[in-house]
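Architecture and fold: a report
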Amino acid sequence: IYTDRSAVPFSLATDRDTAVLLSEATELVGISASGRSSSDSAHGNTPYQSKEELEKALAAADERIRRSPTSGAYHARAQIHSRSENFDGAIQDLTEAIRWLESTPASRFNIASAYLNRGLAWQNKGELDQALQDYNEALLRNPNYAIAFNNRGNVWSRKGDLDKAIDDYNAALRHDPTYAVTYN
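Everything in this summary refers to the structure shown in the same document. These numbers were taken from a predicted model, which means no experiment stands behind them.

1. Some points on the packing of helix H5 (residues 87–102) against helix H6 (residues 108–125)
- Across the interface, H5 lies against H6 with an axial gap of 9 Å and an inter-helix angle of 160°. Our classification of the angle between H5 and H6 gives roughly antiparallel. Where H5 crosses over H6, the two elements pack in a sense that is left-handed. In this structure, H5 uses Phe87, Asp88, Ala90, Ile91, Leu94, Thr95, Ile98, Leu101 and Glu102 to contact H6, whose residues at the interface are Asn110, Ile111, Ala114, Tyr115, Asn117, Arg118, Ala121, Trp122, Asn124 and Lys125.
- For the contact of H5 with H6, the per-class residue count stands at 11 nonpolar, four polar and four charged.

2. Some thoughts on the environment of glycine 89
- Topologically, glycine 89 is positioned in helix H5.
- You can call glycine 89 buried: its relative accessible area is 8%.

3. Considerations on the packing of aromatic side chains
- For the structure shown, the criterion picks out zero aromatic pairs.
- For the cation-ring pair, lysine 164 lies above tryptophan 156, with the distance from its terminal atom to the ring centre recorded as 4.3 Å.

Criteria and cut-off values
Residues numbered from 1 in each chain as written. Predicted model: local features only at pLDDT ≥ 70, side-chain atom pairs only at ≥ 80, totals over all residues. Heavy atoms only, no water. Axes fitted to C-alpha atoms, helices over the stretch in contact; angles between N-to-C directions. Helix = DSSP H or I, 4+ residues; strand = E, 2+ residues; numbered from the N terminus. Parallel < 35°, antiparallel > 145°, perpendicular 65-115°, else oblique. Left-handed = near helix turned anticlockwise from the far one by under 90°. Contact = heavy atoms within 4.5 Å. Nonpolar A, V, L, I, M, F, W, Y, C, P; charged D, E, K, R; others polar. Buried < 20%, exposed > 50% of the residue type's maximum accessible area, 1.4 Å probe, protein only. Phe/Tyr/Trp six-rings, centres within 6.5 Å; stacked < 30°, edge-to-face > 60°. Lys NZ or Arg CZ within 6 Å of the ring centre and 35° of its normal.

Now the structure itself:
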């Protein structure tokens, strides 16, 4: 079952520098400006996954956070950590992004995206109960979030609760019938 490891909401960019960092980081790890994976990266064949390229992206993200920490900068660095399979680092950065977002008049959709991505890091780490908690938080903030329903369905499936998984997959399709991942 594929889950979208690379949903980066560009609306999290609160300033021009962060927008540039998000753009560079997502380009480096092989995802498009829309936040969706290219067809290659959707299947784990991201063209920019060498250790050196990821280290370069991480160094740029570290410098951005050192100069001016923002929720978007933490979110971008979390994406790089996820691509490096450093899920603890991703969880830590997404927790910081959530803290920033919840302390500002941020869009509930930005907060939902941060919870979604942290849930995915927990899921990739094998911590399914924590993943469920974050997907639930994402859905509280955006009740029409098809990706969150899909990912929560994946967790229910891994936990063996197929009825809940099917309910979530159906909800994902109700909210976005074009979200093709759910059909897999």
